[in-house]
Amino acid sequence: MGFAAQLIGSDKIIAYNGDMTFPMASTYKVPAAVTLLKRVEAGEVKLDDMVELHLDDMVAGDNVIAENFVHPGLQLSVANLIEPMVTMSDNTAADFVISLAGGPKAITDAMRKLGIKDMRIDRNIKDLFRDVLGMDSPATVAAVEEFMQSNPEMVTQLVTFPKNPKYEADPRDQSTPFAMLDLLMKIDSATAISEDSRDFLIASMSRTRTGAGRIKGLLPRGTPVAHKTGTGTGVANDVGYVTLPDGRRFAIAIYTASSDTPMADRDRAVAEVARTLYDYFATN
């Protein structure tokens, strides 16, 4: 496990393994959103631009869009792609956001321009799933269904998320807790994106429906949390912002890897870290 946290308005960072790299899993959808919002600010894309979603581009995994829209002719606005990508970690939405942002390299380049060095985005979701599952082609819904029929033993990977040393050893799509914390702080200060873009993104993060047992898991009921989860083989991540009873806020990035425990135990470990930091900041 590694984490990094900082009270907004303070220079003090509390961290454990803060400079260790971890697979980001779906937390990399935060820098993807930031990069696309920068294009919106530059006038290259509009939040109300309509994007056609072809059935052949639907991605496997967490996927409200692919599960509910099975006929041709679907269009969503840019804003309505970012929203489910964040709130429900929708993978189809994520791949369209990554494409609209200019691709993985453009997202990494955007992070470098912000001075964030220890974070890299190398693949879209289709390609990342292809590599994790050992497929020969990108992990579209149709391709994964065919792959699972031929490799039924792989179904458990999509259910239990056992650790995958090969995936974790791959330096692609990884970040340190420090790097993600830096991005969160720059989002909040409107350094990474404009105030309007910040408000849009954090509002979406405040509506996140995934990971109720992670950062939010042990906090007092009703504590405002704006966050983005990430789940993978041996991985249970959560990053975002927590509001204290007096209105102060802190940013937090928690990453895990190589876990042999059930997902509920991984979630609990993340929740314990978040609650410990919540209590520390609330009483200091």
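For the structure, check the block above.
How each quantity is defined
- Throughout, residues of each chain are indexed from 1 in the direction in which the sequence is written.
- Given that the model is predicted, a residue must reach a pLDDT of at least 70 before its local features are reported, and side-chain atom pairs must reach 80 or more before they are shown or counted; all residues, however, enter totals for whole chains, interfaces and linings.
- Excluded from the side-chain calculation are hydrogens and water; included are all heavy atoms of the structure.
- To form a nonpolar core, buried Ala, Val, Leu, Ile, Met, Phe, Trp, Tyr and Cys residues must be joined to one another through side-chain atoms within 4.5 Å.
- Between buried and exposed lies partly exposed: a residue is buried under 20% and exposed over 50% of the maximum accessible area for its type, with that area taken using a 1.4 Å probe on protein chains only.
- The contact rule is simple, with two residues in contact once any of their heavy atoms fall within 4.5 Å.
- Working definition: helices are DSSP H or I runs of at least four residues, strands are E runs of at least two. Numbering for both runs from the N terminus.
- Salt bridges are defined by distance alone: a side-chain nitrogen of Lys or Arg within 4 Å of a carboxyl oxygen of Asp or Glu.
- Multiply 1.5 Å by the residue count of a helix minus one, and that product is the helix's expected span.
- By definition, the arc is the one covered by directions from the helix axis to the C-beta atoms.

L53, M119, M180, L183, I187 and L201 are the most contacted members of the largest nonpolar core, which totals 62 residues. Setting aside its immediate chain neighbours within four residues, M180 contacts M24, T27, P31, M119, S175, V239, A253 and Y255. In this structure, F3, L219, I252 and F281 belong to the second largest nonpolar core, which totals 18 residues.

What follows concerns the environment of A79. With respect to the helices, strands and loops of the structure, A79 is situated in helix α3 (residues 79–87). Residues A79 and F200 lie 121 residues apart in sequence; the distance between their C-alpha atoms is 9.1 Å. When neighbours within four sequence positions are excluded, A79 is seen to be in contact with L47 and F200.

Scanning all chains against the criterion turns up 21 salt bridges. With a shortest N-O distance of 3.3 Å, D131 and R172 are connected by a salt bridge. Of the two residues, D131 sits in helix α6 (residues 125–133) while R172 sits in the loop between α9 (165–169) and β6 (174–175), which places them 41 residues apart along the sequence. Taking the relative accessible area as the measure of exposure, D131 reaches 29% and is therefore partly exposed. Taken together, the shared-partner salt bridges in this structure form one network comprising R123, D127, R130, D131, D170, R172 and D173.

Once that is clear, we can look at helix α12 (residues 263–283). Here α12 is 21 residues long and its end C-alpha atoms lie 30 Å apart, about the 30 Å a rise of 1.5 Å per residue gives. Here α12 has its buried residues at M263, R266, D267, V270, A271, V273, A274, L277, Y278 and F281. Buried residues of α12, seen end-on, are gathered within an arc of 160° and therefore sit on one face of the element. For α12, the exposed residues set more than 90 degrees away from the buried face come down to A264, T276 and T283.

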